[in-house]
Amino acid sequence: MRRAGNRKGVCNMKILLTLIICAAVLQMTTQAPTSDTELLFNYIDKNQDMFVQTLKEWVAIESDSSSSALFGKVMQMVNVTAEKIRSLGGDVELADIGSQQMPDGEIVQLPPVILAELPKDSNKPTLCIYGHVDVQPAKKEDGWLTEPYVLTEINGNLYGRGATDNKGPVLAWLHAVEAYQALKQDLPVNIKFIIEGLEEIGSYGLDALTKQRNDTFFADVDYIVISDNIWISNKPGLTYGTRGDCYFYVKVSGGKQALHSGAHGGSLFEPMADLIALLDSLVDAKGQILVPGIYDDVAPLTEEERKLYENIQFDLEEYKNNIGVTRLIYDKKEDVLMHYWRYPSLSIHGIQGAYADPGSKTVIPNKVIGKFSMRQVPNMDPVVVEKQVTEYLHEIFAKRNSSNTLKILMPIAAKPWVANVNDPQYVAARRAIKTVFGVEPDMIREGSTIPIAWNFQDVTKKSVMMLPICGADDGEHSEKEKISRSNYIEGTKLFAAFFYELAQLR
Ligand SMILES: *[C@@H]1O[C@H](CO)[C@@H](O)[C@H](O)[C@H]1NC(C)=O
Ligand SMILES: *[C@@H]1O[C@H](CO)[C@@H](O)[C@H](O)[C@H]1NC(C)=O
Ligand SMILES: *[C@@H]1O[C@H](CO)[C@@H](O)[C@H](O)[C@H]1NC(C)=O
């Protein structure tokens, strides 16, 4: 701050400044490095180039799981990860999750899931870390400015496929362990790893494996932590919920074939008109879902929860610019976030069989399938939602007295997940974030559906937390995927501090 003042004032200011600087230097020399965590942070800072180099080696392995033809690379990545865990003294099992028949009939062996455990001390709490080492597809010609599988540093950002999703965070966990070991500091918690190579195609086999190992691998686990999402700003976030999803197909069928509107239009009950009426009955212009009873099970907003929204750093103008819209339904930050995270939403996605390609077609489709989905929040139950939606749409349809037939299917039902923010691992993470970043985290949820957290919690009944270290602009799945060097390195410190804080709460 610059202020006008007389000479005397400036003089005093100088003395004061000198004193402040002296005090600061004194504090630095007396304080650093005294505590164990500071020694760890120093080690992590000093070795950051080595950590970046390891990430470069990992990114270089094209472990794209989108096609079984590339499972060899995924397998190689699983092996490299297993080897790294062994080098930290871990006992590694490559758990077989079987094989899968591909659309062409070929049967392929699936890459195994890593189940690993570091040497254990029964007096310490046990933390199970989840991660994945497969990636989304990436080709230079998709629009990458750098080679997708060559980690490239530009202005403090490390660009490359998998840098943020999820190789960077997985390595940050491993390097946090390595820091303790290198400094011969006792790890404050027991650590287990569950690391897969099929996350990007839906974590095939993981749920079954979790159930199968519930009484063995998971039996002594106290906490499960996942670091596979991002912050919502440049401020650290801590994620305590995800929305679920119910996906619906609404099929209206009429005659045997599509007909010409000139020849037949006028005396037919047209399937498309019925479908449009059905879809139009679902949600109003303000985003309110019109299906009776749908809000009955939505958890009421508590004062404690409302407070969590107040401090969140989220710039509405910037957000609107980013997504290219001029106005949102709500104009308060809190309302916008709540409608992404803690209230259900209904979106209409498309109509199959709609002759929607360009050109002035004059066809009357005889069979159309409308697709919509409803994001689920606590305490909605997909079984109840399916019944409510089905009954309501049949009622609307009956009023039209149409000759067509209506069929409603719900092929996807993923439940929402929400954790208790006062659970010890959340308290530990908040403290660790404060230590490393000097701020309280934004307590955030994900509006989208990440089944893994709910699945782990549902099967094991353990405490589950999502602890992201990646920035809001990391571009996971895009041609600009990156992790910043700072997030990667400070994230490693965060994990090291988290181990420490978790043990303090015991
Ligand atoms: C992975 O490791 C297994 C067992 O160590 C080995 O049989 C296999 O050939 C390795 N695969 C790749 C792709 O490296
Ligand atoms: C529905 O259509 C049938 C003939 O198909 C007719 O008898 C009936 O009155 C109609 N109902 C209503 C409510 O319009
Ligand atoms: C898994 O084990 C926990 C105890 O650790 C238990 O509470 C839970 O019900 C078990 N889950 C299943 C699916 O058996």
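- As annotated in an unreviewed UniProt entry, the protein carries the name Carnosine dipeptidase 1 and is attributed to Erpetoichthys calabaricus.

What to know about the site of ligand 1
Turning to step 1, where the next piece is worked out: Within the structure, ligand 1 sits among Gly72, Met75, Gln76 and Asn79.
Turning to step 2, where the next piece is worked out: Within the side chain of Asn79, a nitrogen or oxygen atom sits 2.3 Å from an oxygen atom of ligand 1.
Turning to step 3, where the next piece is worked out: Surface burial for ligand 1 is 35%, taken as the share of its 360 Å² of free accessible area covered by protein chains.
Turning to step 4, where the next piece is worked out: Of the residues that constitute the shell around ligand 1, the class distribution is one nonpolar, three polar and no charged.

Some points on the sheet that holds strand β6 (residues 152-154)
In sheet architecture, strand pairing relies on hydrogen bonds along the backbone and comes in two forms, parallel and antiparallel.
Turning to step 1, where the next piece is worked out: A sheet is described by the order of its strands in space; here three strands give the open sequence β6-β7-β20, paired in antiparallel fashion. A strand with exactly one partner marks an edge of an open sheet, and here the two such strands are β6 and β20 (482-484). The sheet shows a mean angle of 25 degrees between the axes of neighbouring strands, direction not considered.
Turning to step 2, where the next piece is worked out: In this sheet, β20 lies alongside strand β7 (residues 157-159) in antiparallel orientation, the contact comprising three bridges. Residue pairing in the sheet places Leu158 in a bridge with Ile483 of β20.
Turning to step 3, where the next piece is worked out: Each of β6, β7 and β20 is contacted by helix α15 (residues 485-504), which is oriented at about 65 degrees to β20, the strand it contacts most.

A word on the packing of aromatic side chains
Turning to step 1, where the next piece is worked out: Taken as a whole and assessed by the stated rule, the structure comprises 13 aromatic pairs.
Turning to step 2, where the next piece is worked out: When the centroid spacing of 5.7 Å and the interplanar angle of 65 degrees are considered together, the rings of Tyr130 and Phe456 count as edge-to-face. In this pair, Tyr130 is assigned in strand β5 (residues 126-132) and Phe456 in helix α14 (residues 451-460), connecting sequence segments 326 residues apart.
Turning to step 3, where the next piece is worked out: Taking relative accessible area as the criterion, Tyr130 reaches 2% and is therefore assigned buried.

A closer look at the pattern of salt bridges
Turning to step 1, where the next piece is worked out: Tallying each qualifying case throughout the model produces 25 salt bridges.
Turning to step 2, where the next piece is worked out: For Asp45, the salt bridge goes to Lys493, with nearest N and O atoms at 3.0 Å. Taken together, the residues Asp45 in helix α2 (residues 36-46) and Lys493 in helix α15 connect sequence positions 448 residues apart.
Turning to step 3, where the next piece is worked out: Looking at Asp45, the relative accessible area reads 32%, which means it is partly exposed.
Turning to step 4, where the next piece is worked out: Given a relative accessible area of 7%, Lys493 falls into the buried group.
Turning to step 5, where the next piece is worked out: Among the ionic pairs, Asp220 bridges to Lys192, the shortest N-O distance being 2.8 Å. With Asp220 in the loop between α6 (206-212) and β9 (223-226) and Lys192 in strand β8 (residues 190-196), this pair connects stretches of sequence that are 28 residues apart.
Turning to step 6, where the next piece is worked out: Asp220 gets classed as partly exposed once you look at its relative accessible area, which sits at 25%.

Some remarks on the site of ligand 3
Turning to step 1, where the next piece is worked out: The immediate surroundings of ligand 3 are formed by Asn214, Val459, Thr460, Lys461 and Lys462.
Turning to step 2, where the next piece is worked out: Here a nitrogen atom of ligand 3 sits 2.8 Å away from a polar atom, N or O, in the main chain of Val459.
Turning to step 3, where the next piece is worked out: For ligand 3, the protein covers 48% of the area, taking 360 Å² as the surface of the free molecule.
Turning to step 4, where the next piece is worked out: Classifying every residue of the shell around ligand 3 by side-chain character gives one nonpolar, two polar and two charged.

Thoughts on the pairing of strand β11 (residues 244-253)
Turning to step 1, where the next piece is worked out: Burial runs high along β11: eight of the ten residues are buried.
Turning to step 2, where the next piece is worked out: The pairing of β11 with strand β15 (residues 367-376) spans ten bridges and is antiparallel. Within the sheet, the bridge partner assigned to Asp245 lies in β15 and is Arg375.
Turning to step 3, where the next piece is worked out: Of the pairings in the sheet, the one linking β11 to strand β16 (residues 405-414) comprises eight bridges and is antiparallel in character.

Thoughts on unusual backbone geometry
For residues besides glycine, phi is generally negative; the peptide bonds are generally trans as well.
Turning to step 1, where the next piece is worked out: At the junction of Asp165 and Asn166, the peptide bond is cis and its omega measures out at 10 degrees in the coordinates.
Turning to step 2, where the next piece is worked out: Mapped onto the elements of the fold, Asn166 is located in helix α5 (residues 163-182).
Turning to step 3, where the next piece is worked out: Residue Pro378 is joined to Asn379 through a cis peptide bond whose omega torsion reads -5 degrees.
Turning to step 4, where the next piece is worked out: Relative to the elements of secondary structure, Asn379 occurs in the loop between β15 and α12 (382-400).
Turning to step 5, where the next piece is worked out: Positive phi outside glycine occurs at Asn155, with the angle close to 50 degrees.
Turning to step 6, where the next piece is worked out: Following the sequence through the fold, Asn155 ends up in the loop between β6 and β7.
Turning to step 7, where the next piece is worked out: The exposure class assigned to Asn155 is exposed, which follows from its relative accessible area of 76%.

Here is what the cut-offs are and how they apply
- Residues numbered from 1 in each chain as written.
- Chains lettered and ligands numbered in written order.
- Predicted model: local features only at pLDDT ≥ 70, side-chain atom pairs only at ≥ 80, totals over all residues.
- Heavy atoms only, no water.
- Near = heavy atom within 4 Å.
- Polar contact = N/O pair within 3.5 Å; in protein donor to acceptor, adjacent residues only side chain to side chain.
- Areas by Shrake-Rupley, 256 points an atom, 1.4 Å probe, with all protein chains shown as cover.
- Nonpolar A, V, L, I, M, F, W, Y, C, P; charged D, E, K, R; others polar.
- Pairing = 2+ DSSP bridges.
- Helix = DSSP H or I, 4+ residues; strand = E, 2+ residues; numbered from the N terminus.
- Axes fitted to C-alpha atoms, helices over the stretch in contact; angles between N-to-C directions.
- Contact = heavy atoms within 4.5 Å.
- Phe/Tyr/Trp six-rings, centres within 6.5 Å; stacked < 30°, edge-to-face > 60°.
- Buried < 20%, exposed > 50% of the residue type's maximum accessible area, 1.4 Å probe, protein only.
- Salt bridge = Lys/Arg side-chain N within 4 Å of Asp/Glu carboxyl O.

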